[in-house]
Amino acid sequence: MGYDVVIAGGGAAGLSAAVLLARSRRGVVVLDAGEPRNAPAAHLHNFLSRDGMSPADLLAAGRDELARYGGEIVSARALAIERADGGFAVRHDGGDLNARAVLVATGLRDELPAIPGVRERWGADVVHCPYCHGYEVRDTAIAVLGGDNRPFTLHQASLVRQWSDDVVFFPHRIVMTDEERERLVARGIRVVDGEVARLLVDGGRVSGVELADGTAVPRETAFVGPRFVPDDGLLTGLGCAVGENGWVTVDGSGRTSVPGVWAAGNVVDSPAQLITAAAAGSSAGIALNHHLLALDIDSAVAACRVVSTVDA
Ligand SMILES: Cc1cc2nc3c(=O)[nH]c(=O)nc-3n(C[C@H](O)[C@H](O)[C@H](O)COP(=O)(O)OP(=O)(O)OC[C@H]3O[C@@H](n4cnc5c(N)ncnc54)[C@H](O)[C@@H]3O)c2cc1C
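The present account deals with the structure reproduced in this document.

What counts, and where the lines are drawn
- Residues numbered from 1 in each chain as written.
- Predicted model: local features only at pLDDT ≥ 70, side-chain atom pairs only at ≥ 80, totals over all residues.
- Core = buried A, V, L, I, M, F, W, Y, C linked by C-beta atoms within 7 Å.
- Buried ≥ 20, exposed ≤ 12 C-beta atoms within 10 Å, placed from the backbone.
- Helix = DSSP H or I, 4+ residues; strand = E, 2+ residues; numbered from the N terminus.
- Contact = placed C-beta atoms within 7 Å.
- Near = placed C-beta within 6 Å.
- Nonpolar A, V, L, I, M, F, W, Y, C, P; charged D, E, K, R; others polar.
- Domains from an automatic or database assignment.
- Pairing = 2+ DSSP bridges.
- Axes fitted to C-alpha atoms, helices over the stretch in contact; angles between N-to-C directions.

### A word on the nonpolar core
For step 1, the next point in the chain: Counting residues in hydrophobic clusters, the biggest one holds 55 residues, and the most contacted among them are V5, V6, V102, L103 and A264.
For step 2, the next point in the chain: When residues in this core are grouped by element, the largest group, nine residues, is from helix 1 (residues 12-23).
For step 3, the next point in the chain: Residues in contact with V102, not counting those within four places in the same chain, are V5, V6, I81, F88, V90, G260 and V261.
For step 4, the next point in the chain: Judged by nonpolar contacts, the second largest core, of 23 residues, contains A143, I189, A222 and V224.

Structure follows, in structure tokens:
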């Protein structure tokens, strides 16, 4: 049967699993649609030894490593995975592949608040993660814009204050309790009520926030709380169990409820950073290899029993 493992998604999670499996002398292929989540950012941080590298260069290095050990990459989008012949058939937009086991590492989509200007500056001076960008925008005049992800955004507003003394929270359409407001104000954050009309951009940089009543508040950086939507259609299509939060559930190695199907990275873990997504891919790779080993031994035992029966 084709490959030992087909991996859908060639970001930090998928490539880390692939390298581990290729070095374990497993036949592995990565299908990758080529749209990693952090592509809009110029630099990456918090990946030990790779500080400041471009997201594209990190993945190019991963692809080179994989090729060195005989792993394959196909630039294609996996469309569906089905059980077939004791393994899996993976349909993609350039054909079909078969494998004994699969790993889904397709990441998530950031659904941004529908505020004009946000999408245009996303990944530059409109950001969501203070751990990824906070240091680079330290001491700037920061806006935190309310969106659909209420708990994330309220937490974010108090969190980013750690990187700047000048933080303004625009609740926009978030209705705050008195206690939530009190806690933000006590933290030294100014709250400006009213509907946000748009982000102001001047000379290719965020310059302020304009409210629907025409008030303009000068700002240099905007934080937003996107809705995190997992790209998990391949997993739910296979019938993988989903938790109460609506996300596919996995054990510590990335094993889903469907035998032979693993998942790693942002597709099952929205807070995962690059290095944690890579680590999850590596753990999944080891677990997949052990799964294949058990299958190999089962087959060998069955073959030995046939020989013994014939010999007897
Ligand atoms: C703007 C921004 C900046 C960030 N900066 C940092 C940072 O500095 N440091 C940090 O640690 N984290 C950062 N992150 C978070 C980081 O992007 C994630 O932790 C990381 O991308 C998760 O890796 P992943 O492999 O799970 O998913 P991804 O990197 O998103 O990779 C998934 C891959 O799967 C592909 N794919 C999706 N569906 C399919 C399919 N059906 N078939 C085939 N391929 C498919 C995608 O095209 C993509 O190439 C940032 C995020 C954003 C939004």
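Read on, since the account is not over.
### A short note on the site of the ligand
For step 1, the next point in the chain: Within the structure, the ligand sits among 38 residues, and G9, G11, N38, G107 and G265 are positioned closest to it.
For step 2, the next point in the chain: Secondary structure elements with two or more residues in the shell around the ligand: helix 1, strand 2 (28-32) and helix 8 (274-311).
For step 3, the next point in the chain: Split by residue class, the shell around the ligand holds 18 nonpolar, 14 polar and six charged.
For step 4, the next point in the chain: Per-domain counts for the shell around the ligand show at least three residues from each of domain 1 (3-109 + 227-311) and domain 2 (113-224).

### Some thoughts on the sheet that holds strand 12 (residues 196-202)
For step 1, the next point in the chain: The three strands are arranged 12-13-14 in an open sheet whose pairing can be described as antiparallel. The open sheet has two edge strands with one neighbour each: strand 12 and strand 14 (216-218). Each strand axis lies, on average, 30 degrees off the axis of its neighbour in the sheet, ignoring direction.

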